[in-house]
Amino acid sequence: MNSLLLPALYLGGCIAAMSMFSYIYRRLTSVKQVESWFPENHDKERYIALLNCDIPVPEFHLRAALLRRAMQAVHRLKEVQQEKPALQQLMRMGSIGDDLWRDFSLAEQEVVMELQDIAQEANTYKPNWNQTIFSTAAQMLEHEKQKVLLDEMKTMREDEQKRRELQLEQEEKENQLAGERRMREAKKAEEELLRMEEDEQQKKNKGKSNKPKAKK
Ligand SMILES: *[C@@H]1O[C@H](CO)[C@@H](O)[C@H](O)[C@H]1NC(C)=O
């Protein structure tokens, strides 16, 4: 998975090529499309920029970048496939305009063309890679999705753990405070008792010593 990040490093040496390409690419796509369904395809741009890099880029990185591009294409294909039935339904009901339907159809065509481009491109690296690149890309997408889910679950568990620890800490503190309060109260009661006993004693003593005085 890390190997897919490496092509990005090569872009450091390709900034001029990249920005030039992006400029042209954006101009071309903005002419071709009125309103784009998908955001810009950075994975596609990155691959083409690497391919057109002045500095020779190891084939290994080109293949990794192409796989990234394939992952993006598969992701978009899935979205188009998921959205299509609902859009068709809305279209039949007249709930959406022709514009939206046309944008969608364009996006769909573009995805199909992108898949074809990638398949052709793949065969330039390995014969018949076109037959496996998309299933590999789909697996990697699934893997990434799982990883994101797992990370989310882990974060949730950690938060829960932290919350519980904090609660325990709080309870312990409260228990300690309550214990201290009880100790103080017990001590006060003890002192009170002692004082009462002393008073009692003094009264008795007074009674004894007062008697002779009273006789005087
Ligand atoms: C893969 O490429 C080969 C050779 O170009 C071609 O004959 C075959 O139909 C392609 N297969 C797929 C699934 O695109």
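Everything below is about the structure printed above this text.
Here's a quick rundown of the structure. The structure displayed is predicted, hence computed values, not measured ones.

Another aspect to go through is the nonpolar core. One finds Leu66, Trp129 and Ile133 to be the most contacted residues of the largest nonpolar core, which totals 29 residues. In terms of residues, this core owes the most to one element, helix α4 (residues 59-93), which gives 10 residues. Once residues lying within four places of it in the same chain are set aside, the contact partners of tryptophan 129 are Arg63, Leu66, Leu67, Ala122 and Asn123.

As a further point, take α4. The terminal C-alpha atoms of α4 lie 50 Å apart, and with 35 residues this matches the ideal 51 Å at 1.5 Å per residue to within 8%. With its phi angle positive at about 75 degrees, glycine 94 sits one or two positions after the end of α4.

Before going further, it helps to examine the site of the ligand. Taken together, Asn123, Asn130 and Gln131 make up the full set of residues near the ligand. Between the ligand and the protein, one listed contact pairs an oxygen atom with a side-chain N or O atom of asparagine 130 at 2.2 Å. When the ligand is considered free in solution it has 360 Å² of accessible area, and contact with the protein chains removes 33% of it.

The subject of this paragraph is the layout of surface pockets. Taken as a whole, the second largest pocket spans an internal volume of roughly 190 Å³. Lining the second largest pocket are His75, Lys78, Glu79, Gln82, Leu141, Glu142, Glu144, Lys145 and Val148. Take the lining of the second largest pocket: its biggest share by element is five residues, from helix α6 (residues 133-215). Here the lining of the second largest pocket is built from residues that sort into two nonpolar, two polar and five charged.

Each value, and the rule that gives it
Residues numbered from 1 in each chain as written. Predicted model: local features only at pLDDT ≥ 70, side-chain atom pairs only at ≥ 80, totals over all residues. Heavy atoms only, no water. Core = buried A, V, L, I, M, F, W, Y, C linked by side-chain atoms within 4.5 Å. Buried < 20%, exposed > 50% of the residue type's maximum accessible area, 1.4 Å probe, protein only. Helix = DSSP H or I, 4+ residues; strand = E, 2+ residues; numbered from the N terminus. Contact = heavy atoms within 4.5 Å. Expected span 1.5 Å × (residues − 1). Near = heavy atom within 4 Å. Polar contact = N/O pair within 3.5 Å; in protein donor to acceptor, adjacent residues only side chain to side chain. Areas by Shrake-Rupley, 256 points an atom, 1.4 Å probe, with all protein chains shown as cover. 1 Å grid on protein atoms, 1.4 Å probe; cavity = no way out; pocket = protein on both sides within 12 Å on 5 of 7 lines; lining within 4 Å. Points joined across faces, edges and corners; volume = space filled by probe spheres on them. Nonpolar A, V, L, I, M, F, W, Y, C, P; charged D, E, K, R; others polar.

Distances and angles like these do not, on their own, reveal function.
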